[in-house]
Amino acid sequence: MSGILSFSSIVLPNWYTSSRRVVRMAAAAPQTTNAGLSLEAMAIKPPSHPTYDLKGIIKLSLAEDAGNRGDVTCMATIPFDMEVEAYFLAKEDGIIAGIALAEMVFQEVDPSLKVEWSRKDGDYVRKGLQFGKVYGRAHSIVVAERIALNFMQRMSGIATLTKAMADAAHPAYILETRKTAPGLRLVDKWAVLIGGGKNHRLGLFDMVLIKDNHISIAGGIRNAVRSVDQYLERENLQMEVEVETRTLEEVKEVLQYASQTKTSLTRIMLDNMVIPLPNGDVDVSMLKEAVELINGKFETEASGNVTLETVHKIGQTGVTYISSGALTHSVTALDISLKIDTELALEVGRRTKRA
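Residues numbered from 1 in each chain as written. Predicted model: local features only at pLDDT ≥ 70, side-chain atom pairs only at ≥ 80, totals over all residues. Heavy atoms only, no water.

Describe the packing of aromatic side chains, listing the residues and the values that go with them.
Aromatic rings considered in pairs are described by the distance between their centres and by the relative angle of their planes. In this structure the tally under the stated criterion is 5 aromatic pairs. With a centroid separation of 4.7 Å and an interplanar angle of 35 degrees, the aromatic rings of phenylalanine 88 and tryptophan 117 are classed as tilted. Highlighted residues: phenylalanine 88 in strand 1 (residues 83-90) and tryptophan 117 in strand 3 (residues 114-117), separated in sequence by 29 residues. Overall, phenylalanine 88 belongs to the buried group, its relative accessible area being 0%. Centroid distance tryptophan 117 to phenylalanine 131: 6.2 Å. Interplanar angle 20 degrees. Geometry classified as stacked. Here tryptophan 117, found in strand 3, pairs with phenylalanine 131, found in strand 5 (residues 130-137); they are 14 residues apart in sequence, far enough to count as distant. Classification of phenylalanine 131 by relative accessible area gives buried; the value is 0%. (Phe/Tyr/Trp six-rings, centres within 6.5 Å; stacked < 30°, edge-to-face > 60°. Helix = DSSP H or I, 4+ residues; strand = E, 2+ residues; numbered from the N terminus. Buried < 20%, exposed > 50% of the residue type's maximum accessible area, 1.4 Å probe, protein only.)

Can you explain the packing of helix 1 (residues 54-66) against helix 3 (residues 99-109)? Please cite residues and give values.
Following both chains from N to C, one finds helix 1 and helix 3 inclined at 65 degrees, their axes separated by 10 Å at the closest point. Remark: the crossing between helix 1 and helix 3 carries right-handed chirality. Here Leu54, Lys55, Ile58, Lys59 and Leu62 of helix 1 lie close against helix 3, whose contacting residues are Leu101, Met104, Val105, Glu108 and Val109. Looking at the contact of helix 1 with helix 3 residue by residue, the classes come out as 7 nonpolar, no polar and 3 charged. (Axes fitted to C-alpha atoms, helices over the stretch in contact; angles between N-to-C directions. Left-handed = near helix turned anticlockwise from the far one by under 90°. Contact = heavy atoms within 4.5 Å. Nonpolar A, V, L, I, M, F, W, Y, C, P; charged D, E, K, R; others polar.)

Which residues make up the side chain of serine 324, and what values go with them?
Following the sequence through the fold, serine 324 ends up in the loop between strand 13 (321-323) and helix 11 (326-329). Ignoring sequence-local partners within four residues, the contact set of serine 324 consists of Met165, Leu175, Glu176, Thr177 and Val306.

Requested: an account of the sheet that holds strand 8 (residues 241-245), with residues and values cited.
The strand order 6-13-12-9-8-7 describes an open sheet built from 6 strands, whose pairing is parallel. This sheet does not close on itself; its edge strands, each paired only once, are strand 6 (173-175) and strand 7 (208-210). For this sheet, the mean inter-axis angle between neighbouring strands, taken without regard to orientation, is 25 degrees. Sheet analysis places strand 7 next to strand 8, joined by 3 bridges and oriented parallel. Note that in strand 8 the partner of valine 208 across the bridge is valine 241. Together, strand 7 and strand 8 form the strand contacts of helix 7 (residues 221-235), whose direction differs from that of strand 8 by roughly 170 degrees. (Pairing = 2+ DSSP bridges.)

This is the structure:
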């Protein structure tokens with residue numbers, strides 16, 4: 001894949017032999033990613049991005065782990081041709097995510113590894129459930145283990161919180177923001193989709209979002225929206241346009257501009273119109289008034305003071321979307337392990353209340 005994120009120059013250790021059979025998730029020449037994984041086999045496909053190299057991210061993660069020597073512990077303790085089975089074990093209740101990405105990791109390390117799952121991305125798992133297994137060369141499994149789990153744990157944590165937020169926000173839709181881990185933008189946003197949320201813009205390139213700093217520099221909200229309309233017309237571009245508003249006066253100014261001028265505006269963000277109260281509740285009257293002013297002329301998006309405790313009340317105001325940076329910037333990973341000796345792992349887990 002061409003683009004600004006390219007890691008084709010990374011040289012990885014030779015973890016596998018070319019004589020072993022390649023196992024894919026689907027047959028009959030389906031559409032595939034550049035990591036060799038069938039898109040049709042994925043329960044939920046990743047967002048489409050013009051430059052993001054998902055295989056490159058996997059390679060970079062493996063190279064970061066291997067350094068210049070590879071896994072010295074494996075080389076010291078595990079016979080090269082030993083084969084084993086290892087089982088994925090959920091150590092917490094939650095939404096599982098990253099199964100498809102984990103399979104990409106195993107195929108990158110050793111295409112002969114065979115992976116089977118009893119659950120798919122987006123399924124609910126309970127603590128103590130064995131939901132998949134990988135079998136083949138022990139050395140390859142242990143090398144791939146931590147990277148696969150790192151992706152799965154982070155993605156499952158995002159998906160679990162997203163599912164809870166999305167259910168509570170109904171009938172509004174829950175969105176993430178660009179507050180993602182650097183380099184993991186697509187992975188984080190994929191996890192949001194798996195959890196039942198919707199994606200906001202992927203980056204700076206696929207949507208116009210006029211924020212407070214743009215408005216200040218442009219000399220006001222009307223000037224900023226007008227400049228965007230002129231730019232899109234001049235460049236012959238068509239894309240969604242959103243403007244951030246912080247007061248009811250700004251909302252009225254945008255609506256007045258739109259009533260007088262042909263505009264590309266599609267969504268109005270209602271920022272920090274959810275007011276925290278001393279008792280822990282929130283006042284959504286300002287947000288509701290703004291939604292009523294807009295009256296369906298544009299999509300609306302509530303932003304600010306969005307938590308699992310407040311999102312239901314916000315969702316009842318009539319807003320179209322609710323965005324929350326916490327979905328990705330404050331991830332609590334879901335505890336998942338990969339164990340060869342599952343009986344001992346479960347015994348230890350019961351002792352520590354983690355299985």
